[in-house]
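Remarks on the overall topology
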Amino acid sequence: MPAQVLIVEDEESASRLIVSICSELGLSARTTRSGAQAKDLLAQAAQANQPFSAVVLDLVLAELDGFQVGQFVRGQPWGASLPLLVVSGVYKQPNPELMALLKPQAYFAKPFELARLREALVKACNVQGVATAVEGELAQKPASALFVELLRQKASSLLTLTQGTTVRLIHFEKGQVRFAQSSVKGELAGAAQVAAGAVKQASYDRAVAFAKQNKMALHEALAYSRVLTPEQLKQALKQQTMDASVNGLGWTQGTFRIDPQSAEQLAAVPEARTSPVALILEAAKRFGDPAAAREWLVARPQQHMTRSPELERELFAVKSAWPGEGVTPLAASQRLVSEALARVKPAELALLKWLCESGLVTLSGGAKAAAPAAKAAALSAENEDAGRKFTSDEDWSRRVIFAERDRLRDANHYQVLGVEPSAAPDRIKAAYFAAAKRFHSDAFSGQELGSARRAAEELFARVSEANTVLSNPSSRGDYDVYLDRKAKGLSTDVGAILRAEGIFQKGETLYKAGKFAEAEGAFRQAIGLNHAEAGFHAYLGMSIYRGRGKTQEALALVGKALEMDPRLRSATVFSAQLHEALGDVERAKAVLRKAIATDPEFDAAKSELSRLKRPPAEQKKGFLDRLLKK
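All right, on to the overall build of the chain then. Along the chain, the regular secondary structure elements total 33 helices and 13 strands. If one aligns the C-alpha atoms of the chain with their principal axes, the spans along those axes are about 95 × 90 × 45 Å. Per-residue burial for the chain yields a buried fraction of 48% across its 630 residues. Taking the contacts inside the chain whose residues are at least 6 apart along the sequence as the reference set, 67% of them involve residues at least 24 apart. Accessible surface, the chain: about 30500 Å² in total, of which carbon and sulfur atoms supply 52%. Of the charged side chains in the chain, 82 are positive and 71 negative, and the gap between their average positions amounts to 3 Å.

Next comes the structure, spelled out in structure tokens:
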């Protein structure tokens, strides 16, 4: 018969989490919200000679609090040594006097770390054969290396990063970051929207108070209180996960702890799935120091570099986060770090250091091959080939290799394999085999190619990279989105997109409040981060018109927005209003009629057109005017 645990907890979400931990450990769990019932259950179990193995006890209950339950237990012969695991959302620090009476085996202040409670239950119930936590110092093993390790293992675990009183919890599910939490207020869901002015501080504070009062998670309170729309909440959770994870990656001091998590435990947290590789790339941008990176790399000149499979699968993410980077082509084919140091742009040294330190680029080799290899790496391709004589076959091979290298220099994965973007998986597979055979070292067996040998290796690596990305439906879908955004001139930098959206939301709030000059500044800042969002240009135009009365300048910006997205509703209504302001009412009507013909559900356009059709004396303020408090 499995060991039994009594859970005395009136917060339903916490109770469910503790039950899931017990289930994972093979323990039987009984729950109650009542302190009085807890006393009865404990006494009955003892009388039946089937006592509980441990009690998880919340100190603050609706009636007969946990202190009284604990004192009752300690006053019984069967309860003198019964393990008590005390939790509390009110008392962040245990009261020494009361703890001396209860003698708990462990004390947890909410929100407690599930991993530590799990470990306490293992000890209290003497559970055998259960995986234990892994702990260490970030100075010895950086957080980026932990991320890659969990990705490589496809682990479902909780990574806890601690530095002083600051704690960050990163939930991994099958190697991907599912969700991240933080004790830093500025990283909580909704905090970014408050900072951007999209959500009022008072509304946010009410949601925080509601969460505490009803003992629920903040994101649930934000949704229940309607402070955030479902889409805003989704964005807020994604932003929280990114900020908590990336800022945790930036720590060089502190401790880490890795605990396994069950499917039930993971199901209890929101899903804001993010690639660990993408988070590491963002951290490299935020915290990378080129000077420090150079110092770190200079200390490893004779190390050989190889791109890991995890990096190969997400090379397009590198191109997205670091447009035009030249690091990944060099970090392959066993090249030396010293060679990369000589060729990588100074600003990209931080990226190389983060890739190496995390394990996305693996380092191997040592001092034995250093002298000749370093000397060869220092030579340019021209010097390497100087004075050499090549046979006609070798010369032909070199010409072909260099021509293909130049032709494919800026090619995408489809172009590298020579297939259309609509190519079926079988076609991609066949194209890969053909291209790989063409550039494999066996194709040039016995030939002396000089510097062309490395060029052939680069081509083979690019073919392998293209196949890795395009043969996986998920990564191929992401890559197609990347290509589409790039072709349209849209930003492919996820961090910049999120920051631009937050600033735009702040601008909208300022605009609706009649603060047009401040709104104009916000919209210009958003465009600076992501110039390809049509809505940003439309609102910039209207803020210029409302604030400075420059109708023609405003109309040009709104017109640009419509060129970018002809179906953009806000820009259509803005265009009609600006034509009306210029005295061209018929043009305004034409704009609205055309929009309605294309989009019959465009109610705002119908309302504006109806207003314009009425005699001037009877016209009421339009839909957008009322909304924007004209």
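Back to the text.
What follows deals with the sheet that holds strand S11 (residues 304–307). Taken together, 3 strands build an open sheet; the order of strands is S12-S11-S13 and the sheet is antiparallel. Two strands lie at the open edges of the sheet, namely strand S12 (335–336) and strand S13 (361–364), each paired on one side alone.

Our next topic: empty space enclosed by the protein. Applying the stated criterion to the full structure yields 2 cavities of 30 Å³ or more. There is about 40 Å³ of room inside the second largest cavity. Forming the walls of the second largest cavity are Leu42, Ala46, Pro51, Phe52, Trp78 and Leu82. Considering only residue class, the lining of the second largest cavity consists of 6 nonpolar, no polar and no charged.

Attention now goes to the sheet that holds strand S2 (residues 28–32). Within the open sheet, the 5 strands sit side by side as S2-S1-S3-S4-S5. Their pairing is parallel. Looking at the sheet topology across the chains shown, the edges are occupied by S2 and strand S5 (106–109). Strand after strand, the sheet turns through a mean of 15° between neighbouring axes, direction not considered. The pairing of strand S1 (residues 4–8) with S2 spans 5 bridges and is parallel. Paired with Gln4 across the two strands is Ser28, which belongs to S2. Relative to S1, helix H1 (residues 12–25) is tilted by about 170°, and along the sheet it contacts S1, S2 and strand S3 (54–58). Contacts between helix H5 (residues 114–124) and the sheet are confined to S1, S3, strand S4 (84–88) and S5, with S5 contributing the most and set at about 160° to the helix.

All right, on to unusual backbone geometry then. The bulk of non-glycine residues show a negative phi, and the bulk of peptide bonds are trans. With phi around 50°, Lys103 is a residue other than glycine that occupies positive phi space. Mapped onto the fold, Lys103 is located in the loop between helix H4 (96–102) and S5.

Counted by the stated rule, this structure contains 35 salt bridges. The salt bridge involving Arg286 is made with Asp243; its shortest N-O contact spans 3.4 Å. Here the residue Arg286 occupies a position in helix H12 (residues 276–287), and Asp243 occupies one in helix H10 (residues 230–249), the gap between them amounting to 43 residues. Overall, Asp243 belongs to the buried group, its relative accessible area being 12%.

Quick notes on the rules
- For every chain, the first residue of the written sequence is number 1, and numbering continues from 1 along that sequence.
- The model is predicted, so local features are restricted to residues of pLDDT at least 70 and side-chain atom pairs to those at 80 or more, both for listing and for counting; the totals for chains, interfaces and linings are taken over all residues.
- Note that water and hydrogens are dropped before the side-chain values are worked out from all heavy atoms of the structure.
- Helix and strand assignments come from DSSP, with helices taken as H or I runs of at least 4 residues and strands as E runs of at least 2, each series counted from the N terminus.
- Buried means the residue's accessible area, taken with a 1.4 Å probe over protein chains only, is under 20% of the maximum for its type, while exposed means over 50%, and partly exposed covers the values in between.
- Residue contacts follow a heavy-atom distance rule, with two residues in contact if any of their heavy atoms lie within 4.5 Å.
- Accessible areas in this description were obtained via Shrake-Rupley with a 1.4 Å probe; residue shielding takes into account the shown protein chains only.
- Neither His nor the chain ends is counted toward charge; the positive residues are Lys and Arg and the negative residues Asp and Glu.
- Charged groups are reduced to one reference atom each: NZ for lysine, CZ for arginine, CG for aspartic acid, CD for glutamic acid.
- Strands pair, by our definition, only if DSSP identifies at least two bridges between them.
- Here a cavity denotes grid points, spaced 1 Å and computed from the protein atoms alone, that fit a 1.4 Å probe unable to get out, and a pocket denotes an open set having protein on both sides within 12 Å along at least 5 of 7 lines; residues with an atom within 4 Å of a point are the lining.
- Grid points are joined across faces, edges and corners, and a volume is the space filled by probe spheres set on the points.
- Nonpolar residues are Ala, Val, Leu, Ile, Met, Phe, Trp, Tyr, Cys and Pro. Charged residues are Asp, Glu, Lys and Arg, and all others, Gly as well, are polar.
- Only the stretch in contact is used when fitting a helix axis, every axis being a line fitted to C-alpha atoms; angles between N-to-C directions are given from 0 to 180 degrees.
- The salt bridge criterion pairs a side-chain nitrogen of Lys or Arg with a carboxyl oxygen of Asp or Glu, the two atoms within 4 Å.

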